[in-house]
Amino acid sequence: MRDLPLSDSPAPDRELSPDTQLSSGGENSPGEPAAMVTALVAGEADGWDRAGLLPVALLRKLGAAGWLCAQVPDAYGGRGLSSAAGGAFTAHVGSLCSSLRSVMTSQGMAAWTVERFGTDEQRTAFLPRLTGGDLAAAGFSERGAGSDLSAMTTRVRREGDTVVLDGHKVWVTAAHYADLLVLFGRYSEAGEDDGDAGADDAGEAVAVVVPADTPGVRVTRVADPLGCRAAGHADITLDAVRVPAAHVLGGSPLPLPLLVTTALAYGRMSVAWGCVGILRGCLTAAARHAVTREQFGVPLGEHQLVARHLAELLVAEQTATRACEHASRCWDEGSPEQVVAAVLAKHISAGNAARGAATAVQVLASAGARDGHVVARAHRDAKLMEIIEGSNEMCQLMLARHVLDRTV
Amino acid sequence: MSSFDTGATGTTEANEATEKEILRFLEARTKRPWKTDTDLFASGGLSSLFAMELVVHLEKTFGISIRGADLRLDNFRTVTSMTALVERLRTAAAGGTADA
Ligand SMILES: Cc1cc2nc3c(=O)[nH]c(=O)nc-3n(C[C@H](O)[C@H](O)[C@H](O)COP(=O)(O)OP(=O)(O)OC[C@H]3O[C@@H](n4cnc5c(N)ncnc54)[C@H](O)[C@@H]3O)c2cc1C
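No experiment lies behind these values; they were computed from the predicted model shown. (Residues numbered from 1 in each chain as written. Chains lettered and ligands numbered in written order. Predicted model: local features only at pLDDT ≥ 70, side-chain atom pairs only at ≥ 80, totals over all residues. Heavy atoms only, no water.)

## A word on the overall build of chain B
Move 1: In terms of regular secondary structure, chain B is built from four helices and zero strands.
Move 2: Counting helices and strands in the order they occur from the N terminus, chain B gives α-α-α-α.
Move 3: For chain B, buried positions account for 46% of its 100 residues. (Helix = DSSP H or I, 4+ residues; strand = E, 2+ residues; numbered from the N terminus. Buried < 20%, exposed > 50% of the residue type's maximum accessible area, 1.4 Å probe, protein only.)

As structure tokens, then:
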């Protein structure tokens, strides 16, 4: 685990163009960074959604300023935001463009996995790349392993100073753009029989940092996703992909459930805050429409059945916000409650966002019924948030398990 | 097992305090008593969410950082193995090699 062949990591470069002043934004307010993102994104997100593509130069620019994984500590070129401040920033981006927010979730999850499991050398080698303009994605899911990640079959086999990956991943957000892939697989030493996949549920697994241009890596975009259409979801095939053994995070295998639970904890927080953003975008659009559009001689908001939609949207947004704030506080305090609080926040926020977006489309009706419109995007994007990082059902199972574990 | 082993294995006061604290957390969290050598994750045992809670709890309570290979399940299987992990990481931290 020494001699990382990555000494050429670019020095973190905080310079954006001179006209965009960035600051870390104080305590919990995203402040100036939020204004910076608004300037870059507002008005563009609809077009990106329709084109199914984010401008790569923009991603690199945000990445090089540390904003795609803003919770990485300063020591590694990051913005060093707390979970609460990072969450507020994530929600802001989520209110404008869930595709960009999804890319941030992937980059943040990749960075968190490196930070959490990597050795000092690995953190020093990889994190400055993730805050220096390189883009990253995290791959868990496979054709046979969606909700049930213990069915994962991707193999990571040790051979001398290298490891060799064989297998595939599906639906990896941002993989289309990524320079570095953080991939999860089952580990075996050279000569070990690695034939029977899934024989051991708690089996030993590893997360490996794989440069996307390594021979044997093939990245194929998922065509026409329902939502987050510009997030660059892709399937990945791995055919005898060889990387230095020093790319195995932490250097030794860990139980798959612990590895996955830890990595996903960050993703859940990010998705949860992103859904708060979706709700804010919907509330703003629905409220504006309800005061400006008149039918039957009065603004829509004066019709009680429409007014109720606005009340429900507010309740959804506020409830999700509080759940996320609580989870972030637990995270920032290092409380063990953070684990369950993150699942709870994700579950509440995703469900609220899916229902809230449907409500917003109802209020806007034909005015919001075209692709690209903020509420139309929200409707498609939010539905997918009920599927990823622990579907509604998987969250319910985890929360139920939490209750049962505490009951005699 | 017998009482004269304790001296030989060097159970310090710090160890005992650590052990007690871990038992307290486990019992508060699961509402059932645990022995220091019970395998927490054996069949009918605890979930992977709980494993992560344990990691976070140990880090916060004992001011340590558990990274890389130290996260292997064997270190969390029993109260005894967690106590050993905590003491080892505390010693390392006191020696000035603490992880930031
Ligand atoms: C937009 C998007 C982005 C994604 N990004 C990534 C990514 O970046 N990286 C990555 O690795 N993967 C990613 N995925 C994949 C995602 O993690 C999986 O889709 C998800 O885990 C669900 O798996 P599945 O689609 O195979 O559904 P399945 O597991 O087949 O589940 C189908 C349905 O059955 C339910 N179900 C399954 N098991 C149970 C059970 N035991 N009890 C009750 N209900 C159950 C599920 O909740 C779901 O409703 C992404 C997917 C989408 C749609």
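## Concerning the packing of aromatic side chains
All names here are of chain A.
Move 1: As enumerated under the stated definition, the model contains five aromatic pairs over all chains in all.
Move 2: When the ring of Trp67 is compared with that of Phe89, the centres are 4.8 Å apart and the planes differ by 40°; the resulting orientation is tilted. Placement of Trp67 in the loop between helix H3 (56-64) and helix H4 (83-96) and of Phe89 in helix H4 is noted, with a sequence separation of 22 residues between them.
Move 3: Classification of Phe89 as buried rests on a relative accessible area of 2%.
Move 4: For the ring pair Trp112 and Trp331, a centre distance of 5.0 Å and an interplane angle of 50° mean the geometry is tilted. On the criterion of sequence distance, the pair formed by Trp112 in helix H5 (residues 98-117) and Trp331 in helix H8 (residues 304-333) is long-range, its members being 219 residues apart.
Move 5: Using a relative accessible area of 13% as the deciding quantity, one classes Trp112 as buried. (Phe/Tyr/Trp six-rings, centres within 6.5 Å; stacked < 30°, edge-to-face > 60°.)

## Looking at the nonpolar core
Move 1: Core analysis: the biggest nonpolar cluster contains 107 residues, and Phe140 of chain A together with Leu26, Ile66 and Phe76 of chain B have the highest contact counts within it.
Move 2: Residues contacting Phe140 of chain A, with those up to four places away along its chain left out, are Met109, Leu149, Met152, Lys169, Phe184, Val260, Ala263 and Leu264 of chain A.
Move 3: By size, the runner-up hydrophobic cluster in this structure holds 49 residues, among which are Trp67, Leu100, Val217 and Ile236 of chain A. (Core = buried A, V, L, I, M, F, W, Y, C linked by side-chain atoms within 4.5 Å. Contact = heavy atoms within 4.5 Å.)

## Comments concerning the pairing of strand S7 (residues 234-244) of chain A
Residues and elements named next belong to chain A.
Move 1: As defined by bridge partners, strand S3 (residues 162-172) adjoins S7 across eight bridges and the pair is classed as antiparallel. Looking at S7, one finds that Val164 is bridged to Arg242.
Move 2: As paired strands, strand S6 (residues 217-221) and S7 are joined by five bridges and run antiparallel to one another. Bridging across to S7, Val217 finds its partner in Leu238. (Pairing = 2+ DSSP bridges.)

Keep in mind these numbers describe shape, not what the thing actually does.
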